[in-house]
Amino acid sequence: MQEQAVRLLTNLLGIYSPSGKEEAIGNFLAEEMIKLGFQVGKDGIGNVIGVVGEGEPVILLCGHMDTVAGHIPLRVEEGKIFARGAVDAKGPLAAMVMAAASINKEPAFKGKILVISVVEEEATSRGVRYLINQGIEADYAIFGEPSGVENITIGYKGQVQMKVVVGTETGHSSTPWLYENALEKAYELWMQIKNSYSYQPLEQQENARSPFNAVTACLTKMTGGRANSVIPFESEMTIDIRVPPQFTSAQVIEATQKIIAEYQSSNPKVMVKATVNDTVEPFEVNKTSPLVHALSASVRKVLGKPATLLRKTGTGDMNILGKAMNLPIVTYGPGDSKLDHRTDEHIVVSEYLDSIRIFKETILKLAELHNNKNGNGSR
Ligand SMILES: [Zn+2]
């Protein structure tokens, strides 16, 4: 089983699959999953869907087949496998496939496992959005991304991306005292937004916020100005605001628009227009969910130490799935996420193998908890 698991992972890593080019890996994975006893189908955009078992609960294990661009030749060295996608996220994906396959040999298991390998996670989240639009249903979900074998990611922040355009009247740059400069005004406005959402990691007072619970803002792009002798009359900024679970993206947009309105009223000669480019809602699973319980217990059982629950300041596909499907979802998988997208991306083989056991224990425990709660599997 260990040899087979390592072979599946190295085979997946041997197929280069940047976003948008998942056909070969999808076909390979579908064939392998059939051999492992799954019922397998491919949906309209190339997501591979494998099913094991039937009935309740329905446990969704979702991973992605694509990687960021940048080929790294596959090599195995001192118990580590180096390749693009080793941790993000073919390691977690292969672990979920192997764990679900092993459930076939567990006669006591009652429930259905869906292992779905999506396309284009690193690009547009098209694969996950398609699943949602198709009306996929499950009772629990685990999103396979590297959290480290002993850690469970239970929350991600949301995100608001805004475009702010600042306009002023223009004139000759030899008379700067006569006109407002759109670049300077935009930056002045940005500083007001930034100061409203300031987060200092060294805040030591009693109710110090963690970075996870703070709204933070980052100026990611600023352009403006035309020619040497012209006072800049237009500036465009892109602002990336991260939203903790105690707020919605709409509340953060409203608060930001209020800051802009106040700036506008004290600077009547400056025109400001703000638009929202994109929003993702924050998501945090309830820690008392059977899902968190089953996964924590399995980490303890296999590794002999307690699991650590992580809340991340980034934003993941788990946000989109969790909000749309309204179910308990966590992100879990072997590998160090600091190696994501790097040229020395690699996975430790023993950690990968441990994670397969943890996924398997989690599936068994979760089905048991669910069916006991709901009266031996019948409703
Ligand atoms: Zn990923």
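For clarity, every value in this text was computed on a predicted model and none was experimentally measured. (Residues numbered from 1 in each chain as written. Predicted model: local features only at pLDDT ≥ 70, side-chain atom pairs only at ≥ 80, totals over all residues. Heavy atoms only, no water.)

Q: Just give me the short version of the coordination of the zinc ion, but keep the residues and values in it.
A: Protein coordination of the zinc ion is provided by H64 (NE2), D88 (OD), E145 (OE) and E145 (OE), with donor distances spanning 1.9 to 2.4 Å. Classification of the site at the zinc ion rests on its four donor atoms, whose angles at the metal span 56 to 144 degrees, yielding the label irregular. Between the donor residues of the zinc ion, the gaps in sequence give the motif H-x23-D-x56-E. In this pair, H64 is assigned in strand β3 (residues 58-64) and D88 in helix α3 (residues 86-103), connecting sequence segments 24 residues apart. By the burial criterion, H64 is buried, and D88 matches it. (Donors = N, O, S within 2.8 Å, 3.2 Å for Na, K, Ca; no water. Tetrahedral: all angles 85-135°; square planar, octahedral: opposite > 155°, others 65-115°. Helix = DSSP H or I, 4+ residues; strand = E, 2+ residues; numbered from the N terminus. Buried < 20%, exposed > 50% of the residue type's maximum accessible area, 1.4 Å probe, protein only.)

Q: A description of the nonpolar core should follow, citing residues and the corresponding values.
A: If you look at the biggest cluster of nonpolar residues, it comprises 84 residues, and the most contacted ones within it are F38, L60, L61, I113, V330, Y332 and Y352. Among the elements that line this core, the one with the most residues is α3, at twelve residues. Not counting residues up to four positions away in its chain, the partners in contact with L60 are L114, I116, I136, A138, Y140, A141, I142 and M325. (Core = buried A, V, L, I, M, F, W, Y, C linked by side-chain atoms within 4.5 Å. Contact = heavy atoms within 4.5 Å.)

Q: Provide a residue-level description of unusual backbone geometry, including the pertinent values.
A: Leaving glycine aside, a negative phi is the common case for residues, and trans is the common case for peptide bonds. The omega angle of the peptide bond from E56 to P57 is -5 degrees, so this bond is cis rather than trans. Structurally, the position occupied by P57 is in the loop between β2 (48-54) and β3. Positive phi values are uncommon outside glycine, yet E120 reaches one of about 55 degrees. One can find E120 in the loop between β6 (111-118) and α4 (126-133). The phi angle at N326 is positive, at roughly 50 degrees, despite the residue not being glycine. Looking at the secondary structure, you find N326 in the loop between α8 (317-325) and β15 (329-332).

Q: Help me get a handle on the sheet that holds strand β5 (residues 80-82), residues and values and all.
A: Here we have three strands laid out as an open sheet, ordered β4-β5-β16, and antiparallel in their pairing. This sheet does not close on itself; its edge strands, each paired only once, are β4 (75-77) and β16 (346-348). Taking each pair of neighbouring strands and ignoring which way they run, the sheet shows an average axis angle of 20 degrees. Sheet topology places β5 next to β16; three bridges connect them, and they run antiparallel. Paired with I81 across the two strands is I347, which belongs to β16. (Pairing = 2+ DSSP bridges. Axes fitted to C-alpha atoms, helices over the stretch in contact; angles between N-to-C directions.)

Q: Quick rundown of the environment of F28? Include the residues and the values.
A: Along the chain, F28 falls in helix α2 (residues 23-35). When the C-alpha positions of F28 and M96 are compared, they lie 16 Å apart, and in sequence the two are 68 residues distant. Not counting residues within four places of it along the chain, the set of residues in contact with F28 comprises L8, N11, L12 and I15.

Q: Any details on the environment of I152? Residues and values, ideally.
A: Positionally, I152 belongs in strand β8 (residues 151-156). Taking relative accessible area as the criterion, I152 reaches 0% and is therefore assigned buried. With 35 residues separating them in the primary sequence, I152 and Y187 have C-alpha atoms 39 Å apart. Not counting chain neighbours up to four residues away, the residues in contact with I152 comprise L295, S296, A307, T308, L309, L310, V330, T331 and Y332.

Q: Which residues make up the packing of helix α1 (residues 2-13) against α2, and what values go with them?
A: How two helices sit against one another is set out by the angle between their axes and by the gap between those axes. One can describe the packing of α1 onto α2 by two numbers: an axis separation of 10 Å at closest approach and a directional angle of 165 degrees. By the angle between their directions, the pair α1 and α2 is classed as roughly antiparallel. By crossing handedness, the relation of α1 to α2 is classed as right-handed. Seen from α1, the contacting residues are L8, N11 and L12; seen from α2, they are I25, F28, L29 and E32. (Parallel < 35°, antiparallel > 145°, perpendicular 65-115°, else oblique. Left-handed = near helix turned anticlockwise from the far one by under 90°.)

Q: Let's hear about the pattern of salt bridges: which residues, and what values?
A: Side-chain pairs of opposite charge can arise whenever the charged atoms involved come near each other. Taken as a whole and judged by the stated rule, the model has 13 salt bridges. A salt bridge links R84 to E345; its shortest N-O distance comes to 2.9 Å. Taken together, the residues R84 in the loop between β5 and α3 and E345 in the loop between β15 and β16 connect sequence positions 261 residues apart. Just as R84 is buried, E345 falls in that class too. The shortest N-O distance in the salt bridge between D344 and R342 comes to 2.9 Å. Owing to a relative accessible area of 31%, D344 belongs among the partly exposed residues under this scheme. According to the relative accessible area criterion, R342 is partly exposed, its value standing at 40%. Where salt bridges share partners, they join E180, K185 and E188 into one cluster. (Salt bridge = Lys/Arg side-chain N within 4 Å of Asp/Glu carboxyl O.)

Q: Lay out the environment of E23 with the relevant residues and their values.
A: The residue E23 is located in helix α2 in this model. With 166 residues separating them in the primary sequence, E23 and L189 have C-alpha atoms 47 Å apart.

Q: Give a description of the pairing of strand β1 (residues 39-42) that names residues and reports values.
A: As judged from the four bridges shared by β1 and β2, these two strands associate in the antiparallel manner. Across the sheet, residue Q39 finds its bridge partner in β2, namely V51. Counted along the chain from β1 to the antiparallel partner β2, the turn is five residues long, and its residue G46 has a positive phi close to 100 degrees.

Q: Residues and numbers for α3, please.
A: Between its terminal C-alpha atoms α3 stretches 24 Å, which fits the 26 Å expected from 18 residues at 1.5 Å a residue. Burial within α3 is extensive, with 18 of its 18 residues counted as buried. (Expected span 1.5 Å × (residues − 1).)

Q: I'd like a rundown of the packing of aromatic side chains, residues and numbers included.
A: This structure, assessed with the given rule, holds one aromatic pair. Here Y332 and F359 contribute two aromatic rings whose centre-to-centre distance is 5.3 Å and whose plane-to-plane angle is 80 degrees, an arrangement assigned as edge-to-face. One end of the pair, Y332, is in strand β15; the other, F359, is in helix α9 (residues 349-373), and 27 residues separate them in sequence. In this structure, R75 packs its charged tip against the face of F82, placed 4.0 Å from the ring centre. (Phe/Tyr/Trp six-rings, centres within 6.5 Å; stacked < 30°, edge-to-face > 60°. Lys NZ or Arg CZ within 6 Å of the ring centre and 35° of its normal.)

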